[in-house]
Amino acid sequence: MNPAPVLTPPRRTPDLPIGPGGPRIAAADGPGEAERRPPSGAALIAVWLLVGTVTILFAAITSALLSRRVEADWRIGPLPAVLWAGTAVLAVSSLAVEWARRRGRRGDAAGLRRGLALGTAAGIGFLLLQWTAWRQLAAMGVYLSSNPHSGFFFLLTGLHGLHILGGLGGLGYTLARARRAPVPGTAAGAAEPAAVFWHFLTVLWLYLLAILFAL
């Protein structure tokens, strides 16, 4: 009489932690599975440190502005109407980037790419509109050295424009990864820090308009 076969339980793939306290996903069974793993939080930490550094920089300039605006020669200069158009375009860009981030979380690679492309294009449009505003001010005889207010205007908006260029570089890099990745997991993870920095720049722009022309 043959002995009864010994049944062994199926081998269970161990869970891998995503991060401290985060959910767990199964270990990759093939090369494609690795793309679905969310990236580490190192990039997000780096972006938040950058946000803190930029905030300190603009806070220091704001402090100097508040000290200078109490002088008798402080006069608020003209506000080109094109800056309002630039503000609307930047808001659209931020919304597109946020939409892309959410589509990426749902595994929609096409939506991720479309949102990033729209956000990047609108960001470039914002820079072009800001350049137009500077040219309009120059045509009116308003320059960096014309008066204290114009000096702070060109300084603050110029610094913001440089950071916009950096943010566009991050969006372009994320878009390139989204186009290369066979599945959207890695690219969606890269969209997280890019979106955080881009939203920060949008809020910073609104703050600059308020401190320069409203408060």
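Our subject is the structure that appears above.
Report on the accompanying structure. (Residues numbered from 1 in each chain as written. Predicted model: local features only at pLDDT ≥ 70, side-chain atom pairs only at ≥ 80, totals over all residues. Heavy atoms only, no water.)

**A few points about the overall build of the protein**
Part 1 of the reasoning: Along its length, the protein carries five helices and two strands.
Part 2 of the reasoning: Listing every helix and strand of the protein by position from the N terminus yields β-β-α-α-α-α-α.
Part 3 of the reasoning: Intrachain contacts of the protein at a sequence separation of at least 6 include 75% that bridge at least 24 residues.
Part 4 of the reasoning: Carbon and sulfur atoms provide 67% of the accessible area of the protein, an area that totals close to 12200 Å². (Helix = DSSP H or I, 4+ residues; strand = E, 2+ residues; numbered from the N terminus. Contact = heavy atoms within 4.5 Å. Areas by Shrake-Rupley, 256 points an atom, 1.4 Å probe, with all protein chains shown as cover.)

**Some points on the pattern of salt bridges**
A pair can form between side chains of opposite charge whenever their charged atoms are brought close.
Part 1 of the reasoning: One pass over the structure, following the stated rule, counts six salt bridges.
Part 2 of the reasoning: Where R103 meets D108, a salt bridge forms, and the shortest distance between an N and an O atom there is 3.1 Å.
Part 3 of the reasoning: Residue class for R103 comes out partly exposed when judged on its relative accessible area of 21%.
Part 4 of the reasoning: Taking the shortest distance from any N to any O, the salt bridge between R105 and E192 comes out at 2.8 Å. You can see R105 sitting in helix 2 (residues 82-105) and its partner E192 sitting in helix 5 (residues 185-214), a full 87 residues away along the chain.
Part 5 of the reasoning: Since its relative accessible area comes to 56%, R105 is described here as exposed.
Part 6 of the reasoning: When salt bridges with common partners are traced through the structure, they connect E98, R101, R102, R105 and E192 into a single cluster. (Salt bridge = Lys/Arg side-chain N within 4 Å of Asp/Glu carboxyl O. Buried < 20%, exposed > 50% of the residue type's maximum accessible area, 1.4 Å probe, protein only.)

**Comments concerning the side chain of S93**
Part 1 of the reasoning: The topology assignment puts S93 in helix 2.
Part 2 of the reasoning: Apart from the residues lying within four places of it in its own chain, the contact partners of S93 are G119, A122, G123 and W198.

**Comments concerning helix 3 (residues 109-139)**
Part 1 of the reasoning: If you check helix 3, its first and last C-alpha atoms are 45 Å apart, about what 31 residues at 1.5 Å a residue would give, namely 45 Å.
Part 2 of the reasoning: Within helix 3 the residues assigned to the buried category are G111, L112, G115, L116, G119, T120, A122, G123, F126, Q130, A133 and L137.
Part 3 of the reasoning: You can read the cap of helix 3 off the contacts: a side-chain oxygen lies 3.4 Å from the backbone nitrogen of A110, and it is on D108. (Expected span 1.5 Å × (residues − 1). Polar contact = N/O pair within 3.5 Å; in protein donor to acceptor, adjacent residues only side chain to side chain.)

**With respect to empty space enclosed by the protein**
Summary: where empty space remains is shown by rolling a probe the size of a single water molecule over the atoms.
Part 1 of the reasoning: All told, the structure shown has one cavity of 30 Å³ or more when counted by the stated rule.
Part 2 of the reasoning: Size it by volume and the largest cavity reaches roughly 40 Å³.
Part 3 of the reasoning: Every residue lining the largest cavity is listed: G77, P78, L137, V142, H149, S150, F153 and F213.
Part 4 of the reasoning: Among the elements that line the lining of the largest cavity, the one with the most residues is helix 4 (residues 148-180), at three residues. (1 Å grid on protein atoms, 1.4 Å probe; cavity = no way out; pocket = protein on both sides within 12 Å on 5 of 7 lines; lining within 4 Å. Points joined across faces, edges and corners; volume = space filled by probe spheres on them.)

**Quick notes on the packing of helix 2 against helix 3**
Part 1 of the reasoning: Where helix 2 meets helix 3, the axes come as close as 8 Å, and the angle between the chain directions of the two elements is 165°. As summarised for this structure, helix 2 and helix 3 are arranged roughly antiparallel, according to the angle between their axes. Between helix 2 and helix 3 the crossing geometry is left-handed.
Part 2 of the reasoning: Residue composition of the contact of helix 2 with helix 3, grouped by class: 16 nonpolar, 10 polar and two charged. (Axes fitted to C-alpha atoms, helices over the stretch in contact; angles between N-to-C directions. Parallel < 35°, antiparallel > 145°, perpendicular 65-115°, else oblique. Left-handed = near helix turned anticlockwise from the far one by under 90°. Nonpolar A, V, L, I, M, F, W, Y, C, P; charged D, E, K, R; others polar.)

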